[in-house]
Every structure is written in structure tokens, then in C-alpha cells.
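Listed below, chain by chain, are the residues.
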Amino acid sequence: MKRLIKLMSVALCLTLVLSASLVGVFALSLNGISLGDKDKATPDEAEIFKDETVYVMAKADGTVDKIIVSDWIKNNKGADTIRDLSTVGDIENVKTDASFTLDSDNMRVWEANGKDLYLKGTGKQPLPVDLTVTYSLDGKVISPEALSGKSGKVTIRFDYTNNAYETVKIDGKDERIYVPFLMMSGMILDGEKFSNVTVTNGKVISDGDRTMLAGIAFPGLQHDLGLTRDEIDIPSYFEVNADVTDFELGATVTIAANPLTKDIDPDELDSLDDLKASMNTLESAMTALIDGSSQLYTGLDTLLEKSGTLSEGVDALYAGAEQLSDGAAQVDDGAKELSKGAATLSDGTITLDLGALDLSSGLKTLDSNSGALNAGSDMTFTSILATAQKSLKEAGLDIPNLTPENYTTVLNTLIDSLSEEKVKAQAEATAKEKVTAAVEANRETVTAGVTEAVRQNVQAEVESGVRAQVTAKVIETLGYTVDEYNNAVAAGMVDEAVQTQVNGAIEAQMNSDEVSATITSLVDQNMQSEAIRATIAQKTEEQIQSLINVNMQSEEVLNGIAEALAKAKAGRESIIALKAQLDSYNTFNKGLKTYTDGVGSASAGADQLHSGTTQIKLGSSALKDGASALKDGTKQLSDGADTLKDGVLTLKNGVPALIDGVSQLRDGSMQLSDGLQQFSDEGISKITSLLKNDVGNIVERLKATVKVAQNYKSYSGLTDQMDGEVKFIYKTEEINNDK
């Protein structure tokens, strides 16, 4: 329970911080801003991005046999050459014909020709995390080979040694901060050979025939955060225990990745200070609630104690009434006994009056604590609303201050604003605005292209007209019109030499400076005409709109809109869940107020009861004084005594039910007080204690861990122009039973 409480405490703290960061990222995505670290390019945005997978082929005990490195170098800007700083040996290009040369810095320079590179080679550098697999049979360590075919109680343990770290300054001291690798190991067991399977730091899933196991660990993270095992035990190994018959084991797979902090901005982690302040408020409210419940129990305990006195008084009252009845029947013999009975009755009514007074006092005490109880509940609700509002505002959502009266309306409005239809419209409008701006930035280029195309058309038309005029003049020197000449040529009346001369004369005229100048002048004149200018403006606008429409259908834009819709859906579901939680507490808060109002009404009723018992006490005293005159009215006294006895009997019969009810109410209030105290001790106090004592140091260590994680991007190496990410896949060989 202690370990679970601490795990829950730290998980709650980290969840609040990371949720605020992620909601903020979501809000930015609606406005077209990229997700994640604002200064980090995505794999599709970086100029050169190395997506690296390292395959580690290992023996059954984790000893490395071979390391195979697979690199996908994404050439997002279409560079002709790519410089690669890589420690991989036996490198080969597995998809294209691109080759490389070595430059003066001994770097490989690949002739990429604008394409991506797909490279494979042998890893030479030490691994960032070493995997060790140990096997035990009936409590004794055994080699994988010796274990094959054996039966008994088997333990398989995966240990991970983190070798990747940086030395950083924390509180003025040099500290090793390890890259926070997430290690995930998996295996499949034969259901006929393995039974009673349990795991440490993992999960067991069985379909009857096979048992699938998955384990998780964070080697080095315990050290990074500076936490002891008593504060929180972060998994650093994965262990399997099972009863085995004829042991054999298939290959196991372990994945090492560094994904947990890639979208976290270390500068945003200072918000833990705000969380501490909120937890102080919660702790104060919890203390007030516990004090109120304790006072509730004390008041009810007093009420129960005095209920016993009330019972005794009623019993005495009934005995006195019974004596009064007997005495009335035996007037002549029982005058003395009647006097004693009257005295007993008087004493009983005094006791009854005192009990009623104590009852009224107890209820007043209980009622006096109702204000503190209501105030504590209201303070808790206000704190919860403030925490919710802070998270929403940090997410970039502009909302009014949340109150118990308006939070439903505010959150419903927010949920409605995140509907698929509205988010899609906003995302499309934002995308179109960006696309339009990008296209408009190139309007001059588009206009120039359109103008040049129009000019070429005008030039062709002018040249055609001038050529017709030149042709007519040349043919006119032969005594022909153009039509006559063409007809003569068709009839064979003009020999080829003449035709050649005519064509040559035409081309000479067309190429003359005079004609060329005429053509240029005519083209310039036409280009300045209103019709041509209107045509250029129209064609330019058509081209602009066409480019906008084409870009709006691009994969990048469509993916951005789809991503915004997905993020909006997740955000909307989170806000719906938040509202449900607030509704639940609001219901509790209103119920508490109804209860305290009931206590106030009961207190007023107890005052009336005390007034009545005082009247009874005064009446019984008068009865005692009149006992000496009993002989003068024996018949009337007897009848009255019988009536009094019946009434007191009814009262007597109702007292056990009253006591039982008060007892149950007291026990329930004790359970409430104990439950609130347990919740405070094991939940609220643990959380606030961990925040006050540990998180101040955790903040700096967590920042350092995030930065170290973000610095580790490649196994083989990156140039200054590259960004990248890397994952490792370890595969151990099978343990076969060859018998």
C-alpha cells in the first residue's frame, strides 16, 4: 500500500504538469502551429532527417552477436548531395544507385540527386543500453543451454544497464543524468509447458494455448529524478516466474526507445510550483473537513451517552406511573406508597429534563460545526474549480472564472466550440489563409509568367500579320497577288528556283532591322492596350486561384486538418470527463448542505423537547405536592394514573428505537471521520508531503532529464544540418529442446 500510494502521488503530479503542456500544444495546433517543441523540426520539416533503427542480434543471455543499423535519411529539401557523419561499417545503399565519396573531413558525401537514402551497415559503437537475461531453475542460476528440456520452477530476469548519460550541473554539483530510455520486452510462452505464470513490472495475457508477456522498465530514471526506492520504485528490470515442463523458449524481443520527453518544453516544467500552492490549499481544506467530521462525531457521542440517561428517566417515569396506578387502586392501604411514587415520578422527570437539556446542547454543538463543514466543502470545490480553470487557461483557452454557478454553462460552451464541424471550419479557414498568403507572396512571379505568355501570343500574331504584308510586297514585284502566286505555284507554273528566291526574300525582309523594329513596336503597343492588360489581370487571378485550390488539396494541408480534428476530439473528450468530475463533486457539496440544514432543524426541535420536559418536571412536582390530598379524589387519581402509565409506556417503547438511531448515526459519523482521516493520511498528506519535500529538487532534475533525452537522437551520428531519432530492437535467440 505504501509503494502504491507513492506511485499514485508522483503520477498525479506528473500527470497534471504534462496534461497542461499537452493541452497547450493542442490549442496551438488549432491555429496552424506545429505540435511539440517550438524549436524542433518534425521529420518532414527538417532539411535532412535521419530515422534510425538499430537491430541487436543477441544470444539467449543477452550477449551481443551482431548490430545491424538501418538508416532512412529523409531528403526533405531535395538536396543534390548529403553529408553523413556515421560510424557504421560495411555501409550499403539498399534502394537506390546513389554512391558516396569521402571529403577532407572523412565524411561520406552521397550523390542523392534530390532523393531519400536507405542505408544499412554494421554497428561498431557500444550500445546505450546493455541487456542481460539470467535464468534460474528452482532458485539456482543456470545457463540457457543447460536449462533446455528441464522442468521445475523457472525464473527469467531481464536487466537493463544504461550507459548513455551526460554530466550536468544541478544545484552547483556535477551529476550524471542518464537518457530516460523506455525498455519494453516481450515473449510468447507455450501454454502446455508454462503454467502459474507471474511477472514483475509487466503484464500477462493468455488465450489458453499461449501466454503473452510484456515487461517495461526505465533504467537510470530513478537516479535521474533523485528519488529513493521508499519514495517511489521506478521499474528497472522485468522478471518472469513460472512452473515449467520440458523447458524451451522462443526468441524474445526488446524495444528501447526515447519517446517520453520529445514533445515537452523543459521551460514549462516550472508550473509544478503552482501545483504545490494548489496542494497547500487542498491540504488546508482537508484539515477543516476532518475537524468538522470529528466534531460531528463528538456531538453524536454526547447525544448517545445522554440518550441512556433519557432511557433511565423514562423507565423511572414509567415505574412511578405504575406505582401511581397501583396506589390509586389501593387508596386506603397505599397512600404512603403513592407519595413515594409521586416523589419517584418527580425525580424521573428531573432526569428526563436533564437528558433533554443535554440532547439540545449536543445538537447545538453539532449545528455550530455545520458552518465549518460547509466552508471546508466550498473551499475544496473552489480549489478544484481553480485547478481546472488554470489547466484550461494554460491550454490557451480563454474562459471566464469558473464558479459553482457557471461552470456547467462555460464548459458546455467550450465543448460545443470543439465540435467536429466548428473545428474543421476553423482549421480549413486557417489553412486557406496560410495557403493564400504563400501564393500571394509569389503574385509578382505569377504575373510575370502570365505576362510573358500573353506577350508570346501577341508577338506571334504581330509576326503573322507583318509576314503577310512582307509576303504580299515581295510577290507583288513578280506581278502577282498572293492568291495568284499560290495558284501558280500549285499549277506548276513557278519553278523551284523562283520559289526559293521568293522565300529567301521574305525571310530577308522578316529578319531585317526595320521589320524587327516594326514587330517590336507593334508588340509593345499591343501590350499596353487595355484589352491586353485586362487579359493579363484576368489570367493572373485565375492562376492565383488555381494555385490556392491545388495547395488546399495537398497532403500536408489535408493531414493538418485531420490532425486538428483528432486533437480537437481528444480535447473535447477530456473536457467532458472534467465536467463529469465537477458535476459529481457539486452533487456531494449540495448534499452536504442539505444534511447540515437538517442538523439545524433537529437542534430547533431539541429546544422544543427541552421546553416540554421542563413543563413535565413542573407538573410532576405539583403532583408530588398534591399526593397528600389523594384521599379526597381517589377515583379521579386512579383514572389519571392509568392514562399516565399508558402514555409513559408508549414513550418507553420508543426510547430503544431513538437510542439505536443515534448509535447508528454516531457510528456512521465515526466511519466518515476515519475515512476522511485515512484519505488525508494516505492520499492528500502523501501527495503534499512529496511535493513539499521532494519536488523542489525533482524540478531541476526533471528539466535536466528532458534536455538529455532531447539531445540523444542517433546511434551512428548526425551532422549539424541533420535532425533525427533512433530506436533499438534487441532479439535474443531461441532456446530449443532438441531431445
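This is a predicted model, so every value here is computed, not measured. Along each chain, residue indices are assigned from 1 in the same order as the chain's sequence is written. Totals for whole chains, interfaces and linings use all residues, but because this is a predicted model, local features are given only for residues with pLDDT of at least 70 and pairs of side-chain atoms are given and counted only at 80 or more. For the side-chain quantities, the full set of heavy atoms in the structure was used; hydrogens and water were omitted.

Chemist: Provide a residue-level description of a negative patch on the surface, including the pertinent values.
Modeler: Judged by side-chain charge, Asp 61, Glu 145, Glu 733 and Glu 734 come together as a negatively charged surface patch. Locating Glu 733 in the fold gives a position in the segment after β19 (722-732). The patches described consist of residues with a relative accessible area above 30% and no salt bridge, like charges being joined within 9 Å and nonpolar side chains (Val, Leu, Ile, Met, Phe, Trp, Tyr) within 5 Å. Using the Shrake-Rupley algorithm and a 1.4 Å probe, accessible areas are obtained, with residue cover drawn only from the displayed protein chains. Salt bridge criterion: a side-chain nitrogen from Lys or Arg within 4 Å of a carboxyl oxygen from Asp or Glu. Charged residues are defined here as Lys and Arg on the positive side and Asp and Glu on the negative side; His and the ends of the chain fall outside this count. Charge positions are represented by NZ for Lys, CZ for Arg, CG for Asp and CD for Glu. For helices the rule is a DSSP run of H or I covering at least 4 residues; for strands it is a run of E covering at least 2, with both sets numbered from the N terminus onward.

Chemist: Which residues make up the packing of aromatic side chains, and what values go with them?
Modeler: Two aromatic rings, drawn from Phe, Tyr or Trp (for Trp, its six-membered ring), form a pair once their centres lie within 6.5 Å of each other, and the interplanar angle then sorts them: stacked below 30 degrees, edge-to-face above 60, tilted otherwise. Evaluation of the coordinates by the stated rule reveals 12 aromatic pairs. Pairing Phe 158 with Phe 238 gives two aromatic rings, centres 5.6 Å apart and planes at 35°, and the pair type is tilted. With Phe 158 in strand β10 (residues 152-162) and Phe 238 in strand β17 (residues 237-244), the pair connects residues that are 80 residues apart, well separated along the chain. The same class applies to Phe 158 and to Phe 238, which are both buried. Between the aromatic rings of Tyr 715 and Phe 728, the centroid separation amounts to 5.9 Å while the plane-to-plane angle is 90°, which identifies the pairing as edge-to-face. With Tyr 715 in the loop between α15 (634-711) and β19 and Phe 728 in strand β19, the pair connects residues that are 13 residues apart, well separated along the chain. Burial classes follow relative accessibility: with a 1.4 Å probe on protein chains only, a residue under 20% of its type's maximum area counts as buried, one over 50% as exposed, and anything between as partly exposed. Take Phe 728: its relative accessible area is 0%, and that puts it in the buried class. Connected via pairs of aromatic rings, a cluster forms that spans Phe 181, Tyr 712, Tyr 715 and Phe 728. The lysine or arginine in question, Lys 74, covers the ring of Trp 72, its NZ or CZ lying 4.3 Å from the ring centre. As a reminder, the over-ring test applies to NZ of lysine and CZ of arginine, requiring each to be within 6 Å of the ring centre and within 35 degrees of the ring normal.

Chemist: So what about the sheet that holds β10? Which residues, and what values?
Modeler: In space, the 5 strands of this open sheet follow the order β9-β8-β10-β17-β14, with antiparallel pairing throughout. Of all strands in the sheet, those with a lone pairing partner are β9 (140-142) and β14 (194-200), marking the two edges. Each neighbouring strand pair of the sheet contributes to a mean axis angle of 25°, computed without reference to strand direction. Here 3 bridges tie strand β8 (residues 129-137) to β9, and the two strands are oriented antiparallel to one another. In the sheet register, Tyr 135 faces β9, and the bridge partner there is Ile 142. Only strands that DSSP links by at least two bridges are regarded as paired with each other. Axis definition: a line fitted to C-alpha atoms, over the contacting stretch in the case of helices. Angles run 0 to 180 degrees between N-to-C directions.

Chemist: Account for the environment of Lys 95, with residues named and values stated.
Modeler: Along the chain, the position of Lys 95 falls in the loop between β4 (89-93) and β5 (100-102). The class of Lys 95 is exposed, set by a relative accessible area of 62%. Between the C-alpha atoms of Lys 95 and Asp 116, which are 21 residues apart in sequence, the distance is 9.3 Å.

Chemist: Mind laying out the sheet that holds β4, listing which residues take part and the relevant values?
Modeler: Spatially, β4-β7-β2-β1-β19-β18-β13-β16-β15 is the arrangement adopted by the 9 strands of the open sheet, whose pairing is mixed. Both edges of this open sheet fall to β4 and β15 (202-206), since each of them pairs with a single strand only. Here the average twist between neighbouring strands, direction ignored, is 15°. Pairing analysis gives 11 bridges linking strand β1 (residues 48-58) to strand β2 (residues 64-75), with the strands arranged antiparallel. Bridge assignment links Lys 50 to a residue of β2, and that residue is Ile 73.

Chemist: Give a detailed account of the side chain of Glu 239, specifying residues and quantitative values.
Modeler: Turning to its location among the elements, Glu 239 is positioned in strand β17. Take Glu 239: its relative accessible area is 17%, and that puts it in the buried class. Within the structure, Glu 239 has its side chain in polar contact with the side chain of Asn 241 (distance 3.4 Å). The contact criterion used throughout is that any non-hydrogen atoms of two residues lie within 4.5 Å. Each residue touching Glu 239, except ones within four places of it in the same chain, is listed here: Thr 155, Ile 156, Arg 157, Thr 198, Val 199 and Thr 200. Identification of polar contacts relies on pairs of N or O atoms within 3.5 Å, with a donor-acceptor requirement for protein atoms, meaning one able to donate a hydrogen and the other able to accept it, and with residues adjacent in sequence counted only if both atoms are side-chain atoms.

Chemist: Outline the pairing of β17, listing residues and values.
Modeler: Counting buried positions along β17 gives 6 out of 8 residues, so the element sits mostly inside the fold. Pairing of β10 with β17 involves 8 bridges; the strand directions are antiparallel. Considered in β17, the bridge of Gly 152 is made with Val 244. For β14 and β17, the ladder comprises 5 bridges, and the chain directions are antiparallel. From the neighbouring strand, Ser 195 faces β17, where its bridge partner is Asp 243.

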